[in-house]
Amino acid sequence: MIKFTKMHGLGNDYVYMDAIHQTIENESSLAQFVSNRHFGIGSDGLILICQSDVADFKMRMFNADGSEAEMCGNGIRCVGKFVYDKGLTNKTTVTIETLAGIKILALNVENEKVETVKVDMGEPIFAPEKIPVMAIEEPVKNLKVKALDKEFKFTCVSVGNPHAIAMVEDIENFEVETYGKILEIASVFPSKTNVEFVEIQDEEHIKMRVWERGSGETLACGTGACATAVACNINGLTKRHVWIKLLRRDIRN
């Protein structure tokens, strides 16, 4: 028997397992099983809370297809709530080891429960070889990739994991799945990529939908929201602080 907790950040839902006090094996296959929304638990993936030699805890994150990802913004916030509410720590500043480095969480605790979590995502990465993306310019702001009948112009950013951001019209009716599943695996993205489709409303408001690498379209993406805010700003489309409307709700970056 494996104990688990189902949690979500803005609708970006994962199955969380304490891998410190129980043994978790075959993580990739397990992620595929639990993520199945018809025959499993149903989620965007699996997140394991593990011991760490360099931080308070280690987070391992697996997409719905079983692939392991470097980082998950919404997921790591839920990890913060998990470790505090489950009594694994009494700290309100927690360090988490990830494949994208050590991230620092600030926990807002009310009545002995975590209400909100703030994550220091670190600086965005623009070097093409570190995102990674097959491009020469830095930052990558004019990468043209064709999918079916459309050609997209991407800005590429890493916030610990790869993101490709493209501007589109009428985001609510845009065929995210049709194009997202093709663009995710385009040859210019050596490690595949998360794809953000963005509609600019004004200098302070953005609409975004995301096709997550290995999981498909999700209701929200924390790293994707950060990457989108950066991409829109460096292209001169928005101010430094913006509201981003996701399928779930608005968040400010």
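Higher on the page you've got the structure.
Rules used throughout
- Residues numbered from 1 in each chain as written.
- Predicted model: local features only at pLDDT ≥ 70, side-chain atom pairs only at ≥ 80, totals over all residues.
- Heavy atoms only, no water.
- Buried < 20%, exposed > 50% of the residue type's maximum accessible area, 1.4 Å probe, protein only.
- Helix = DSSP H or I, 4+ residues; strand = E, 2+ residues; numbered from the N terminus.
- Arc of directions from axis to C-beta.
- Contact = heavy atoms within 4.5 Å.
- Core = buried A, V, L, I, M, F, W, Y, C linked by side-chain atoms within 4.5 Å.
- Salt bridge = Lys/Arg side-chain N within 4 Å of Asp/Glu carboxyl O.
- Pairing = 2+ DSSP bridges.

(A) Inspection of helix α1 (residues 27-35) at higher detail. For α1, the complete set of buried residues consists of Leu30, Ala31, Val34 and Ser35. Buried residues of α1, viewed axially, fall in a sector of 120°; they line one side. Residues of α1 that are buried in the fold lie against β2 (12-18), β3 (45-50) and β4 (57-63).

(B) Here's a closer look at the environment of Ile234. Position of Ile234 among the secondary structure elements: in helix α4 (residues 222-234). You can call Ile234 partly exposed: its relative accessible area is 27%. Spatially, the C-alpha atom of Ile234 lies 9.2 Å from that of Thr155, the residues being 79 residues apart in sequence. The residues contacting Ile234, other than those within four sequence positions of it, are Phe126, Pro139, Lys141 and Thr155.

(C) Layout of unusual backbone geometry. Residue Ile131 is joined to Pro132 through a cis peptide bond whose omega torsion reads -10°. You can see Pro132 is positioned in the loop between β8 (113-120) and β9 (140-147). Residue Pro139 is bonded to the preceding Glu138 through a cis peptide linkage, with omega at 0°. You can see Pro139 is positioned in the loop between β8 and β9. Phi is positive for Asn111, close to 55°, though the residue is something other than glycine. Relative to the helices and strands, Asn111 is located in the loop between β7 (101-110) and β8. Looking at Asn111, the relative accessible area reads 77%, which means it is exposed. Positioned with a positive phi, Glu112 is a non-glycine residue whose angle comes to about 65°. Within the fold, Glu112 resides in the loop between β7 and β8.

(D) Focus on the nonpolar core. Residues Tyr16, Met59, Val79, Ile96 and Ile244 are the most contacted members of the largest nonpolar core, which totals 45 residues. Sorting elements by how many residues they give to this core places α4 first, with seven residues. Every residue in contact with Tyr16, bar those within four places of it in the chain, is listed here: Phe4, Thr5, Met7, Ile47, Ile49, Asn74, Gly75, Cys78, Val79 and Phe82.

(E) Looking closely at the environment of Lys91. Relative to the helices and strands, Lys91 is located in the loop between α2 (73-85) and β6 (93-98). Take Lys91: its relative accessible area is 38%, and that puts it in the partly exposed class. Spatially, the C-alpha atoms of Lys91 and Lys192 are 36 Å apart, while their sequence positions differ by 101 residues. Aside from chain neighbours lying at most four places away, what touches Lys91 is Asp56, Tyr84 and Leu107.

(F) Quick peek at helix α3 (residues 176-183). Every buried residue of α3 is listed here: Val176, Tyr179, Gly180 and Leu183. All buried residues of α3 project into a common sector of 100° when viewed along the axis, lining one side. Buried-residue contacts for α3 involve β9, β10 (150-158), β12 (194-202), β13 (205-212) and β14 (216-218).

(G) Geometry of the pattern of salt bridges. Applying the stated criterion to the full structure yields 11 salt bridges. Here Arg60 makes a salt bridge to Glu68, at a shortest N to O gap of 2.9 Å. By relative accessible area, Arg60 is classed as partly exposed at 22%. In this structure, the salt-bridge partner of Glu172 is Lys207, at a minimum N-O distance of 3.0 Å. Remark: Lys207 occurs in strand β13 and Glu172 occurs in the loop between β11 (162-167) and α3; sequence separation between them is 35 residues. The exposure class assigned to Glu172 is exposed, which follows from its relative accessible area of 57%. One connected set of salt bridges, linked through shared partners, spans Lys6, Asp13, Arg37 and Asp44.

(H) Highlighting the pairing of strand β1 (residues 5-9). Of the two faces of β1, the one holding Thr5, Met7 and Gly9 is buried and the one holding Lys6 and His8 is not buried anywhere. Looking at chain direction, β1 and β2 are connected through five bridges and run antiparallel. Among the inter-strand pairings, Thr5 is bridged to a residue of β2, identified as Tyr16. In this structure, the hairpin formed by β1 and β2 is closed by a connection of two residues, where Leu10 is found at a positive phi of approximately 60°.

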